[in-house]
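Read off the chains here:
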Number of protein chains: 2
Amino acid sequence: MITVHHLNDSRSQRILWLLEELGVDYEVVRYERDATTRLAPDILKQIHPLGKSPVLKDGDLKLHESGAITDYLIRTYGAGKLSPEPGSLNYESYVEWLHYAEGSAMLPLLLRLYTSRLGDAAAPLMPRIDSETENHFAFMNSEMTGREYFVGSNLTGADIMMSFPLEAARARGILKSYPALSAFVERIQARPAYLRALDKGGHYSYGPAET
Amino acid sequence: MITVHHLNDSRSQRILWLLEELGVDYEVVRYERDATTRLAPDILKQIHPLGKSPVLKDGDLKLHESGAITDYLIRTYGAGKLSPEPGSLNYESYVEWLHYAEGSAMLPLLLRLYTSRLGDAAAPLMPRIDSETENHFAFMNSEMTGREYFVGSNLTGADIMMSFPLEAARARGILKSYPALSAFVERIQARPAYLRALDKGGHYSYGPAET
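A quick note: this is a predicted structure, and the numbers were derived from the prediction, not measured.

## Observations regarding the interface of chain A and chain B
Of the residues lining the interface, 44 residues belong to chain A; the matching set on chain B comes to 44 residues. Buried area between chain A and chain B, both sides added, is near 4,200 Å², and the carbon and sulfur share of it is 64%. When the area that chain A buries against chain B is broken down by residue, the three leading residues are A:E96, A:H99 and A:Y114, summing to 17%. The tally of links from chain A across to chain B stands at 4 salt bridges. Between B:R75 and A:E92 there is a salt bridge whose closest N-O contact spans 2.8 Å. Counting the contacts that link chain A with chain B gives 15 residue pairs in polar contact (both at pLDDT 80 or more). Among the secondary structure elements, those contributing two or more residues to the side of chain A that touches chain B are strand 4 (61–63), helix 2 (66–77), helix 3 (89–116) and helix 4 (126–144) of chain A.

## Some words on the domain arrangement of chain A
Residues and elements named next belong to chain A. Structurally, chain A comprises domain 1 (2–82 + 193–201) and domain 2 (89–191). Opposite the 15 residues of domain 1 that make contact, domain 2 presents 21 residues. A buried area of about 1,600 Å², summed over both sides, lies between domain 1 and domain 2, and 60% of it is on carbon and sulfur atoms. R14 serves as the salt-bridge partner of E102, at 2.5 Å between the closest nitrogen and oxygen. A total of 5 residues in the side of domain 1 that touches domain 2 trace back to one element, the largest contributor, which is helix 2.

## Quick word on the layout of surface pockets
Volume-wise, the second largest pocket comes out at about 280 Å³. Taken together, 16 residues form the lining of the second largest pocket, with A:K62, A:L63, B:S93, B:E96 and B:E143 sitting closest to its centre. Elements supplying a minimum of two residues to the lining of the second largest pocket: strand 4 of chain A together with helix 3 (89–116) and helix 4 (126–144) of chain B. Sorting elements by how many residues they give to the lining of the second largest pocket places helix 3 of chain B first, with 7 residues. Split by residue class, the lining of the second largest pocket holds 7 nonpolar, 4 polar and 5 charged.

About the criteria used
Residues numbered from 1 in each chain as written. Chains lettered and ligands numbered in written order. Predicted model: local features only at pLDDT ≥ 70, side-chain atom pairs only at ≥ 80, totals over all residues. Heavy atoms only, no water. Contact = heavy atoms within 4.5 Å. Buried area = accessible area lost by both parts, 1.4 Å probe. Salt bridge = Lys/Arg side-chain N within 4 Å of Asp/Glu carboxyl O. Polar contact = N/O pair within 3.5 Å; in protein donor to acceptor, adjacent residues only side chain to side chain. Helix = DSSP H or I, 4+ residues; strand = E, 2+ residues; numbered from the N terminus. Domains from an automatic or database assignment. 1 Å grid on protein atoms, 1.4 Å probe; cavity = no way out; pocket = protein on both sides within 12 Å on 5 of 7 lines; lining within 4 Å. Points joined across faces, edges and corners; volume = space filled by probe spheres on them. Nonpolar A, V, L, I, M, F, W, Y, C, P; charged D, E, K, R; others polar.

Here it is as structure tokens:
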């Protein structure tokens, strides 16, 4: 049985979405952020020394990095779904987005999040952070313009990995300037599998706007 | 012909090392950081809209994310070298380190680099950055203790991807507390392929200590 150790309001929400798209059985062990610090609880260190979420267990395998979890689940349980054909140019683009989501797209968001705790004292850094944000989000928006998905003509793991940085950016008002990315987030958040995953994961601040 | 668009003193140095380990022909197009800002030159935007390095070109394929480049080159030109057997537990661990290098290990280093420009004004953030640094480097050091390589008993792409965060950490004095990681860096920097790549890439601040 697949087990996902899941922290609310976190990047692990997309792993639940992925499992719902794959239609495989899994169980969720939920953890809650500390109400004051917003940090993961220490008990997660009993699951993996990094104390982070997601952690995926599947038999003897334990994985903690979202991109690797996504790659593994799709190779193992995808039966051709959610991935371009290995060896194709689209496959290399798919792998690249899997890496880009955490390796590049999250950085300007995390810099903004961390430095926001400094208030006005962070002002000297903001031009650089703004310029990195614009660089990456203009690139992503351009790649998505005229398309429905990041790679090819179907949903892939690339879209699932990219969902978190884009949802986090929307919550900070950044997507207002990037209409193709805004439309992408609305499109994925309407999927039945996405909505089922929301039920499984508990509170998620970056989900569809409540009406 | 494989072409690497390479920026000096950057994470793209490890792609040259990888190509030397693989023993495939490639050409290097070198770019130099701005002497004052240390940023990549604008001309790199003509190669890829992100304006970053490395960019790999191989026929119709163009890739910009180091982890994806490493994965692609080893799958395409490795002939079984530098990767565990696909489908094995070690293979999943290998893919995880490919992601971890940029998706996790670099973050505390980049937070430190960015906030250092604020001087004392960044002091309120330092306990959190120090704690994230300790969390990740203690984990990596523990994983490397008693081992020669991150996965299995041979050099893989995981070691090559991990070289950059570890070399960058050493340059900031962080590895002094992590002897297994220090020894790893010395071990890889003695490899003939690593040294050949240094010759190809031009100045690299994070290479072997000059004597």
